[in-house]
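Close look at the chain arrangement
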Amino acid sequence: MYKQYIKQAWQLMKQNRFFSTVYVIGTGLAISMVMVMAVVYHIRTANIAPEVHRDRMCYLSSLSYVQGNMSRNSHSYGLRTIKECILPMTTPELIAIKVGPMFLRYIVGDSYLQIPGGDVSPKVSLMATNDSFWQIYRFRFLVGKPYDGADVSSSLSRAVVNEKTARKLFGKTDVINETVLLNGVEYSVCGVVADVSAITQDVYADVWIPYSSIPGLSEVSSVEQRSSLGPFTVCVLLHSPRDMERFLEEWRQQIKQYNTTLADGKLEGEEPLMYTRNMLHLLFMQDWKKTSFILFFVLLLFLLVPALNLSGLNMSHMHDRIPELGVRRAFGACKGVLLMQLLTENLLLMLPGGIAGLLFSYLLVWLLRNLLLGSFITMMSGGAMDMSLSLSMLVNMQVFGYAFLICLVLNLLSSIVPAMRALRIHITDALANTTN
Amino acid sequence: MIKLTNLEKIYRTKEIETVALENVNLEVQKGEFLSIMGPSGCGKSTLLNIMGLLDSPTSGMVEINGVNTVNMNDKELAAFRNKQLGFVFQSFHLINSLNVLDNVELPLLYRKVSASERRKAAEAVLEKVGLSHRMRHFPTQLSGGQCQRVAIARAIVGNPYIILADEPTGNLDSKMGIEVMELLHQLNKEDGRTIVMVTHNEQQAQQTSRTIRFFDGRQVQ
C-alpha cells in the first residue's frame, strides 16, 4: 500500500510541478529556521571531539565564600577546595581541573609564544590544566603525548601546542622536546594536537600547560577565602548520567565537611548541573523548567508560522483531490486509511523540502557561526579564534533525526486539518465535487 | 440480493425541505440486470447512491445480501462496499495520477491482498475488458470508451456481487456506448453479476431484464 502512496506522490509531484516546487521551497525555508536551532543545539550539546563525553559531564564553576550575614564573595573553585573537597570524591570516574584562557589573562596577562631567539611571537590562547584533562577530552595527537601526573606534581614546564601554533613557530609539527618561551618562561613541547574549534569552548586553546607550572596557580594561600575561591573550573566525568543525583549528594556532603574546617566563613556552592542543562542555563539565565518552556515555545512558533502557510497550500491542493477521495471511499477505503495516505503523501512531498531546508540551515550555521556558536568566554580568550565547523558536527544521524522529526511535526501541523476537512465531505458530494 | 423497504430521502436546508425519494419499496434479484429510468432530478441517482451505501436514507431499510446496512458505521460500510459492490460512474472517476493497472487494483488495496495477487487480478480483468495493452498508460492517455472499460475493470476486480452503474454511457459516443453496454451484458450473463444501471437511454433500458421508472422521487412503474 505504501509503495502505491509513494508512486502516487511522485506522480502528483510530476503532474503539479508548480505546486510541488512552491511546496518544496516553502518547506525548505520553513524547516531551515528550525533546523538552524536544531543544528546549533546539536553542536552545543552532542558529544563532539574533543568533548566526547558531554552527556556524562558536569562542570563546577561557581562558589561563594560567605562571612557572617554581610560579606559574600563569589568566584570559581580555589586549589584548597579542590584538593580537600573535590578530588577525594568517589562518585566521578575522573575529575579534571582547568583554568580557562579568560581567567588566565587576568592572572598572567596576554600570552605570547616564541622560539628562543626567534622573531615570531604570536599571541596565543592559553589553558592550564591537570593531567586528567587529557583523559577526559579526546584530542588527536599528531606527535608526542600529553603531560602526565608526574609532570603536574613536579610542576614541570611542559606544553602541548596545537598544529597551527607549531607551524607558525617552527614551520612543522614534529617539534617534540623543542623549547618555546611562553611569556619569557621556557617550556618544553611534549605534544602537538590537531587544531580544535573554538566551538568546543571548554577545551579550546592554542597552548595547554600544567596548572602547577604557573606559580600563581599552584600555591595555596594561607588566607582562607583566597585558598577556597580561585580561578579553577572542575570538569567532572561521571560513570553514567544517572550518577548525577549520587554525585550531588556527595558534593553537598563534601562542602559541608569542608566548611567545618573553615574558621572565618563558609562555602556555598551553586548546585552543579549536567552539561546540557548547564549550557542552557547559562544561555537563558533561567532554571531548567523555564528554559525548556521557552525553547518549546520558540520551536512551536517557528513551526506553527510556516505550518499555517503550508496548510493554506495544502487546503487548495486537497480541494483538487476531493473527487479522488470520494472514489477511494466508494471502493472501500475508510477515513482512517485515507487520512494515513494523505499524511504519508504529504510527508513524502515534504522530505525533499526537508533535505533542502537541512542544506540551507547548514549554510546559515556556517555563515553565522561566530554569532550562533561563539561565546563571550571564547571571544575573551585571546589569540585568533578558530570557529571552524567539522563535517561530523553537521552531518550525523542525530541531526538527520532532528530534521525528520521536524518534517514529521510540520507535516502533521500543516496537513492534518486540510486532510480532515476534505474527508468530512460526504462521498456523494465528493464524487460530484460540489464542495463550494 | 437488494431489498429496499419504505425508503425515504429528504434533503433539508434551513429554508426548504426537498423530498428526493418517497416510500420506495424495491427488490433486485440475484443475477438481474435492472435499469432505472426517469427525468433528471427524479431521484434515480440518489436511489443508486443509497443502494451503493454511498448515501444513507432518511428512513427505511436497505438490505443487501440479507444484511441490514442501516446502522453500520463508516468503517463497516467501507468494508461492505469493498467486498460486495462495484461502481461504474458516468464520468469514470479514474485517478489521473495512477496508471491503468494501479487504478484497477484500487479496491484490492483496501483488502489484505498481496501486491503480486493484486497485480495478477488486475491484469486478468484488464484482459477481460480488452485493455491489457494499455496497462501502463495513464487515464489522460486513453479515450472515453477505454476509460469506462478501465472503470468497469476496477468495478469487477474484487469480484463483487453487485455492480451499480450510474449512466455508464452518458459521456460516450454511441459506438463506445454500445461497446460498454456489451461488456456489462457479458458480465451479467457470463459471470452472473447483478447489475443496477441508471440510464436515460430507452434502447439500453429495453435490453436489460427489468426497467423501473421514477418521477418526483416516486417509483411510477
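Attention here is on the structure that accompanies the text. Because the structure is predicted, anything quoted here is derived from the model rather than measured.

So, how was this worked out
Residues numbered from 1 in each chain as written. Chains lettered and ligands numbered in written order. Predicted model: local features only at pLDDT ≥ 70, side-chain atom pairs only at ≥ 80, totals over all residues. Axes fitted to C-alpha atoms, helices over the stretch in contact; angles between N-to-C directions. Helix = DSSP H or I, 4+ residues; strand = E, 2+ residues; numbered from the N terminus. Parallel < 35°, antiparallel > 145°, perpendicular 65-115°, else oblique. Left-handed = near helix turned anticlockwise from the far one by under 90°. Contact = placed C-beta atoms within 7 Å. Nonpolar A, V, L, I, M, F, W, Y, C, P; charged D, E, K, R; others polar. Pairing = 2+ DSSP bridges.

1. Some points on the packing of helix 1 (residues 2-15) of chain A against helix 14 (residues 335-367) of chain A
Residues and elements named next belong to chain A. Orientation of helix 1 relative to helix 14, taken along the N-to-C sense of each, is 55 degrees, at an axis distance of 9 Å. Classified by the angle their axes make, helix 1 and helix 14 are oblique. The two elements helix 1 and helix 14 cross, and the hand of that crossing is right-handed. Facing helix 1, whose interface residues are Tyr2, Tyr5, Ile6, Gln8, Ala9 and Met13, helix 14 presents Gln341, Thr344, Glu345, Leu348 and Leu349. Class assignment for the residues of the contact of helix 1 with helix 14 results in 7 nonpolar, 3 polar and 1 charged.

2. Quick word on the interface of chain A and chain B
On the side of chain B, 21 residues touch chain A, which itself brings 23 residues to the contact. Broken down by secondary-structure element, the contributors of at least two residues to the side of chain A that touches chain B are helix 1, helix 13 (322-330), helix 14 and helix 19 (427-432) of chain A. Tallying contributions element by element places helix 1 of chain A first for the side of chain A that touches chain B, with 7 residues. When grouped by side-chain class, the residues that make up the side of chain A that touches chain B number 11 nonpolar, 6 polar and 6 charged.

3. So, the sheet that holds strand 1 (residues 2-12) of chain B
Residue and element names in this part refer to chain B. Strand order in the open sheet formed by 4 strands is 2-1-4-5, with antiparallel pairing between adjacent strands. Of all strands in the sheet, those bounded by a partner on one side alone are strand 2 (17-28) and strand 5 (67-68). As defined by bridge partners, strand 1 adjoins strand 2 across 8 bridges and the pair is classed as antiparallel. Opposite arginine 12, over in strand 2, you have glutamate 17 as the bridge partner.

4. Brief notes about the sheet that holds strand 8 (residues 194-198) of chain B
Residues and elements named next belong to chain B. With mixed pairing, 6 strands are arranged side by side in an open sheet as 6-7-8-3-9-10. Each edge of the open sheet carries a strand with a single partner, namely strand 6 (85-88) and strand 10 (218-219). Here 4 bridges tie strand 6 to strand 7 (residues 162-166), and the two strands are oriented parallel to one another. Along strand 7, the bridge assignment pairs leucine 85 with isoleucine 162.

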